[in-house]
Amino acid sequence: MTHIDGSDQRGAKPRQTLSTLLYSKSFRTAVTQVVMAAVVIFIGLFLYQNVVENLRAQNIATGFGFLEQTSQFDIGEKMITYSARDSYGRAFVVGLLNTLSVSAAGIFLATLIGFTVGISRISSNWLLSKVATGYVEIVRNIPVILQVIFWSVLLRNLPNARNAVEVYGVGFLTNRGLTFAVPATHPIHSTMGIALVAGIVLAILGSIWARRHRESTGTYVNMLWPSIGLVIGLPVLAWLFGGAPTAISYPVQKGFNFQGGVTISPEFTALLIGIALYASGFIAEIVRAGLQATPKGQIEAARSMGFRPWFVTRYVVLPQALRVIVPPLTSQYVSLIKNSSIAVVVGYPDLVNIGNTVMNQTGQAVEAIAVMMLVYLTISLITSTFMNFYNRLVAIKER
Amino acid sequence: MTTQSQHAPKMATPLEPVMQFDPNAKVPFAKWVQKHLFTSLWQSLMTLVVAALLLRFAWFVLKWGVIDAVFYTPDPDVCRAAAGACWAVIVEKHRPMLFGLYPYDEHWRLVIMMVVYLSTIVASLMPKLWNFKILIPLWILSVTSIGILMFGGVLGLVYVPTSEWGGLPLTMILFSGTVLIGMPVAVVLALGRRSPMPVARGVSVVFIEALRGVPLITILFVAVNVFPLFLPAGVEVNKLLRITVGIAIFFACYQAEVIRGGLQAIPTGQYEAAASLNMSYWQTTRKIILPQALRISLPAITNHIIAAMKNTSFVIIIGLFDILTATTAVMQDPLWRRYYIEAYLFVAAVYLFFGYALSLYARQVEKWINSGRI
Amino acid sequence: MNKDFKLKTALCAIGLATLGSAGFADSGDTLASVKERGEVLCGVHPARHGFAAPNSKGHWDGFEVDYCHAIAAAVFGDADKVRFVALSSQQRFPAIQSGEVDVLVRNVTATLGRDTALGLNFAPPIFYTGTGFLVHADSGVKTVEDLDGATICVAPGSTTERNVAQIFATRGMDYTPVVIENNKQLVDAYVTGRCDALTKDKAALPGVRAYDTENPAEHVLLPGIFSKEPLAAAVRQGDDQWYDLVKWVTYATFNAEELGVTSENADDMKSSDNVDIQSLLGVTGDYGSKLGVSEDWAYNVITQVGNYAEIYARHFGPGSPVELDRDLNTLWVDGGLLYGFPIK
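Because the structure is predicted, anything quoted here is derived from the model rather than measured.

Trainee: Could you give me a rundown of helix α7 (residues 224–241) of chain A, with the residues and numbers involved?
Mentor: Residues and elements named next belong to chain A. Helix length check: α7 (18 residues) gives 25 Å between terminal C-alpha atoms against 26 Å at 1.5 Å per residue, within 8%. At Gly233, α7 shows its largest kink, close to 30°, and the proline Pro235 lies no more than four residues downstream. Taken as a whole, α7 has its buried residues at Ser227, Pro235 and Ala238. Those residues of α7 hidden inside the fold are in contact with α6 (188–217). Just downstream of α7 lies Gly243, where phi reads positive at about 100°.

Here it is, written out as structure tokens:
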């Protein structure tokens, strides 16, 4: 018989003693975390104290004020104007732009080569696939620094300016770089640039429209030729509008160098080839894995419906393959951007190289390295944010 | 109602041969060539073009590398006169290339060290010997003997400080230091990132993301230039140790992500079963979770270990004399300067050899896992 | 004791052992830590012929190398108790700041910026030189003014880098710098013709021409000195005793040459009546103990390494591969810049 009175023990909390507290998991977890946080904070403070103390004892300057001081050194390759009278901060910006330019060119080249080799690897042609496999094994296993140094020494040993190798009459190949003719600067070029960007945007919008149209009505609209027309046609229209300027700036050997034309330095080229080939090996493997990840049944089903091979590739294989390819591909891109920091070995003035010089001229190692690390960290965080966004966009939405 | 005979398969009469499928039949060579190389017009064209380029390249390599090459001569002028490769530069310079700045008379110690090291590694890679009772004494023995051989100072050997170590032995030491220090740290970081405790998770995430986003060069700069400032006045830590720890931590951050992938692939049922047996967090992790997670992520782990071997070449930037730095330094000799291609090919061959050996081993380990042997 | 506990204890022990492997030395007391270590750690150039270069067997030789030997002789009485650490132009300052080396005798130009922002103290300069240019003989360049628009190879983080910018700016000339840290790659870039000119301290260029080029006759040093480059030994700030020692070892070599004391006659000179010689050689006075070393510190330096003239002649004298005139590197009594402070 149950007693209905205030002494009913069911549902009452057990007595809290010290031992129950000590054995309770949540208490111990909380204590562990507090201890962990305290240790981390303590270590952080300890290190900070030491740094401040050491820097003070040796009278080494601190703070970021050095970014405004005159740098007093020149930089060989720059995308914006810079001279020895500009500040260290501007020198860092020059370095950053150099890093981005070699990385962008590297990403383009690596993707091109990587996709080609990756597709070749799963080709039914035995010879082609074996050659592609050999290529991938070689470029992946040789350290990227060795590749970059090899190319830089190779390019440095090209004939010097006096014995330049002529390239189709419009350029020269020397150990100072590849110099070739470009159209002389004309005000219409900026308009052409805008037209190019507009053409690309319109082409993308057109493809989105074509996809929506296909999904709602079922008719396929081939946007390939219209897209090419937009991307090429709009700049050409702008060029015609500007009076069709045809003046070309030819390189002419004068004194020590070439006047006119554009020169791509051997340091840039060596770095570009080295990091692009290295990354292309990994990209080839990623592409291969992506293409092989499409279940064979998909391709067979599409073929059995009578679609042609290019159609199957474009609308069945590629979307599924890209889902698998894009995440590791973006991390390879970030890896390529970080590999461009090897420029310090070949003398290309990228961010790390210039940071190194600044570190030495001012003695402020902590601040200079902090700037370099922050820039790369930002680049990599931006990339992973975009990749997470893309992943969520193309993730298979299960019911 | 259909009779059986209407649906029975068409039986072959005795006069018609039955096509039997023989899985072991060898495809005749001509048929194989046609199937793999000349399937269609486009394929045939590609085969011909690739074959032509390949043959031309192979002939060039043969001519330059073997037929016209000079294999041994102490006189650089002989090499200059030859049209082909000058492999004599390797014979002439292999000592500084392989051993760096290590005192010339003590190179025999380095040779012994490499033999000890390689045999220890090969022994550790055989599953038959995977027993802590064997591995730990083996490693303690080899680390001690390698230490004695490299440092010297005892047993009548000349003392050689770490600043003079170089070449291939230095690459090996950096590589094993990276893996030995990095793997435990990676496991701890991966577990921390998946930990139910927010503080542990936060610290792990910040650590991993921060160090994965920066290039290895900046970490080496920190190890060389900034780390001494972190220590209280008067405390010095050996430069080689700092650099090894730097590369190891960088390696650990990448490896932690890989192991985390493996940890995520383990079904919750495993955790629940362990909890129902009243196993503590560490017992569960050590006996149930980690073995499975490591097996799952083993291919990616081995990939990163192979990459770690290549990452040791980054020390050229901070002036440590590994095999690549030593080669670049050696090639400045004005008499032999123009034969840099042969020297770099030699170094590339060394890296290729080790990388290929490691990847063969990785494939073997995958086979063992798939067959349940480990 | 369960297995987990044993594992944790083992891990703790390993951790402590690793920590314990860190060396301990008193900062601010370099002399004590040098004596305890038993050798001087000297930061030098990886290969600047005449100043500091290793031969194929790893034995270091050079003008700056001899000054390292001199410091060791003063501290230990044995000039061989020194270990050389090769440092690139980017590594040299972090190395001395972090304590990796005790003294930097590495072609370091004493400037205000380095004296203050880098936290260094400079001993009296042992070599006065300036910026120089090495060009290809067939380029037709005769003076610096001919280098307008040229490509110049220069090492990063050096005063040379700034000087070149200044030299060209003041003359209104243009140039393209090629900046490579690795000295060997830098010289290689010049030799292959990637650069029109190589710029370094003028005293370093004859060594480059003699040793690092295939045909020294194909390279020419441009006339003229374009900046002030007083090369001096550098030590960390915050350690006056060590700084004093390095400073006075330098002055001792100057004074020895001025007083005519050489490694050959030092023994005889001990019985000289000249008060200055007596103080120098430790016959009178307790200057050694004031510096924290033995009384015959200068005597050891002179007998085991030599006075300034002997050291100079050994590496830059007539008949050596890198022959340099003494120019400004002569005693004040001969019209030069070497002035040894009195040891009294």
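Trainee: Describe the environment of Ile325 of chain A, listing the residues and the values that go with them.
Mentor: Residues and elements named next belong to chain A. Assignment of secondary structure puts Ile325 in helix α10 (residues 309–339). By relative accessible area, Ile325 is classed as buried at 3%. Taking the C-alpha atoms as reference points, Ile325 and Arg288, 37 residues apart in sequence, are found 8.8 Å from one another.

Trainee: Give a detailed account of the pattern of salt bridges, specifying residues and quantitative values.
Mentor: Taken as a whole and assessed by the stated rule, the structure comprises 26 salt bridges over all chains. Of the charged contacts in the structure, one is a salt bridge between Arg194 of chain C and Glu267 of chain A, with a shortest N-O distance of 2.9 Å. Residue Arg194 of chain C is located in the loop between α7 (183–191) and β12 (197–201), and its partner Glu267 of chain A is located in helix α8 (residues 266–293); the two belong to separate chains. Taken as a pair, Arg194 of chain C and Glu267 of chain A share a single burial class, namely buried.

Trainee: Would you mind going over the UniProt feature "transmembrane region" (unreviewed entry) in chain B in detail, with residue names and values included?
Mentor: All names here are of chain B. UniProt annotation of "transmembrane region" (unreviewed entry) refers to residues 41–62, 107–126, 138–160, 172–192, 213–234, 240–259, 314–331 and 343–362 when read in the numbering used here. Helix makes up 100% of residues 240–259 and strand 0%, with an end-to-end C-alpha separation of 28 Å. Each end of residues 343–362 is marked by a C-alpha atom, and these two atoms are 29 Å apart; helix forms 100% of the span and strand 0%.

Trainee: Provide a residue-level description of the side chain of Glu267 of chain A, including the pertinent values.
Mentor: Take Glu267 of chain A: its relative accessible area is 7%, and that puts it in the buried class. The residues contacting Glu267 of chain A, other than those within four sequence positions of it, are Glu77, Val346, Gly347 and Tyr348 of chain A together with Val178 and Arg194 of chain C.

Trainee: Mind laying out the interface of chain B and chain A, listing which residues take part and the relevant values?
Mentor: Facing the 52 residues of chain B at the interface are 52 residues of chain A. Interface of chain B and chain A: buried area, both sides summed, is about 4500 Å²; carbon and sulfur atoms make up 76% of it. Applying the counting rule to chain B against chain A returns zero salt bridges. At the junction of chain B with chain A, the criterion picks out twelve residue pairs in polar contact (both at pLDDT 80 or more). Those elements that provide at least two residues to the side of chain B that touches chain A are α2 (29–37), α3 (41–67), α9 (198–212), α10 (216–230), α14 (298–311), α15 (323–330) and α16 (340–370) of chain B. It is α10 of chain B that provides the largest number of residues to the side of chain B that touches chain A, a total of ten residues.

Trainee: Break down the sheet that holds strand β1 (residues 165–167) of chain A for me, with residues and values.
Mentor: Residue and element names in this part refer to chain A. Strand order in the open sheet formed by four strands is β1-β2-β3-β8, with antiparallel pairing between adjacent strands. Looking at the sheet topology across the chains shown, the edges are occupied by β1 and β8 (262–264). Put simply, the sheet's adjacent strands are angled 20° from each other on average, direction ignored. Strand direction decides the pairing type here: β1 and strand β2 (residues 171–174), joined by three bridges, are antiparallel. The residue bridging Val167 from the neighbouring strand is Gly171, located in β2.

Trainee: So, the state of the cysteines: which residues are in play, and what are the values?
Mentor: Tallied over the full model, the rule gives three disulfides over all chains. Here Cys79 of chain B connects covalently by a disulfide to Cys86 of chain B, the sulfurs 1.8 Å from one another. Between Cys79 of chain B and Cys86 of chain B the sulfur-sulfur dihedral comes to about 75°; the bridge is accordingly right-handed. Cys86 of chain B matches Cys79 of chain B in its accessibility class, with the two residues each being buried. Disulfide pairing is shown between Cys42 of chain C and Cys68 of chain C; the S-S distance is 1.8 Å. Taking the sign of the torsion about the S-S bond as the criterion, the disulfide between Cys42 of chain C and Cys68 of chain C, at about -65°, is left-handed. Remark: Cys68 of chain C occurs in helix α3 (residues 63–76) and Cys42 of chain C occurs in strand β2 (residues 40–44); sequence separation between them is 26 residues. Exposure class is identical for Cys42 of chain C and Cys68 of chain C. Each is buried. Sequence-ordered numbering of the bonded cysteines in chain C gives a pairing of 1-2, 3-4.

Trainee: Which residues make up the pairing of strand β5 (residues 82–86) of chain C, and what are the values?
Mentor: All names here are of chain C. In terms of burial, β5 is largely enclosed, as four of its five residues are buried. By the bridge criterion, five bridges tie β2 to β5 in an arrangement that is parallel. What sits directly across from Val44, in β5, is Ala86.

Trainee: Would you mind going over the packing of aromatic side chains in detail, with residue names and values included?
Mentor: Residues and elements named next belong to chain C. Counted by the stated rule, this structure contains 44 aromatic pairs over all chains. When the centroid spacing of 5.8 Å and the interplanar angle of 80° are considered together, the rings of Phe63 and Tyr308 count as edge-to-face. Of this pair, Phe63 sits in helix α3 while Tyr308 sits in helix α14 (residues 308–316), placing them 245 residues apart in sequence. Each member of the pair Phe63 and Tyr308 is classed as buried. Between the aromatic rings of Phe254 and Tyr308, the centroid separation amounts to 5.6 Å while the plane-to-plane angle is 70°, which identifies the pairing as edge-to-face. With Phe254 in helix α9 (residues 240–259) and Tyr308 in helix α14, this residue pair connects regions lying 54 residues apart in the sequence.

Trainee: I'd like to hear about a nonpolar patch on the surface, residue by residue, with values.
Mentor: Residues and elements named next belong to chain A. Nonpolar side chains collect at one region of the surface, where Leu18, Leu21, Leu22, Phe27, Val31, Val35, Val39, Phe42, Ile43 and Phe46 lie side by side and expose about 900 Å² of accessible area between them. Contributing elements (two or more residues each) for the nonpolar patch: α1 (18–23) and α2 (25–57). Take the nonpolar patch: its biggest share by element is seven residues, from α2. Inspection of the secondary structure assignment puts Phe46 in helix α2. Judged by relative accessible area, which is 38%, Phe46 ranks as partly exposed.

Trainee: How would you explain the packing of helix α11 (residues 239–264) of chain B against helix α13 (residues 281–296) of chain B if you had to name every residue and give the values?
Mentor: All names here are of chain B. Two elements in contact, α11 and α13, have axes separated by 8 Å at closest approach and are oriented at 115°. Regarding the angle of α11 to α13, the classification is roughly perpendicular. In this structure, α11 crosses over α13, and the sense of that crossing is right-handed. Between α11 and α13, the contacting residues are Ile259, Gly262 and Leu263 on the first element and Ile289, Ala293, Leu294 and Ile296 on the second. Considered class by class, the residues forming the contact of α11 with α13 number six nonpolar, one polar and no charged.

Trainee: A description of the packing of helix α8 (residues 167–193) of chain B against α9 of chain B should follow, citing residues and the corresponding values.
Mentor: Residues and elements named next belong to chain B. The contact between α8 and α9 brings their axes to 7 Å, and the two run at 125°. Classified by the angle between their axes, α8 and α9 sit oblique to one another. Handedness of the α8/α9 crossing: left-handed. Across the interface between the two elements, Leu189, Gly192 and Arg193 from α8 touch Ala200, Arg201, Ser204, Val205, Phe207, Ile208 and Glu209 from α9. Tallied by class, residues from the contact of α8 with α9 come to five nonpolar, two polar and three charged.

Conventions adopted
- Residues numbered from 1 in each chain as written.
- Chains lettered and ligands numbered in written order.
- Predicted model: local features only at pLDDT ≥ 70, side-chain atom pairs only at ≥ 80, totals over all residues.
- Heavy atoms only, no water.
- Helix = DSSP H or I, 4+ residues; strand = E, 2+ residues; numbered from the N terminus.
- Expected span 1.5 Å × (residues − 1).
- Bend = angle between axes of the 7 residues up to and from the residue.
- Buried < 20%, exposed > 50% of the residue type's maximum accessible area, 1.4 Å probe, protein only.
- Contact = heavy atoms within 4.5 Å.
- Salt bridge = Lys/Arg side-chain N within 4 Å of Asp/Glu carboxyl O.
- UniProt positions renumbered as here; feature names shortened; annotations may be inferred.
- Buried area = accessible area lost by both parts, 1.4 Å probe.
- Polar contact = N/O pair within 3.5 Å; in protein donor to acceptor, adjacent residues only side chain to side chain.
- Pairing = 2+ DSSP bridges.
- Axes fitted to C-alpha atoms, helices over the stretch in contact; angles between N-to-C directions.
- Disulfide = S-S within 2.5 Å.
- Phe/Tyr/Trp six-rings, centres within 6.5 Å; stacked < 30°, edge-to-face > 60°.
- Patch = residues over 30% accessible without salt bridge, like charges linked within 9 Å, V, L, I, M, F, W, Y side chains within 5 Å.
- Areas by Shrake-Rupley, 256 points an atom, 1.4 Å probe, with all protein chains shown as cover.
- Parallel < 35°, antiparallel > 145°, perpendicular 65-115°, else oblique.
- Left-handed = near helix turned anticlockwise from the far one by under 90°.
- Nonpolar A, V, L, I, M, F, W, Y, C, P; charged D, E, K, R; others polar.

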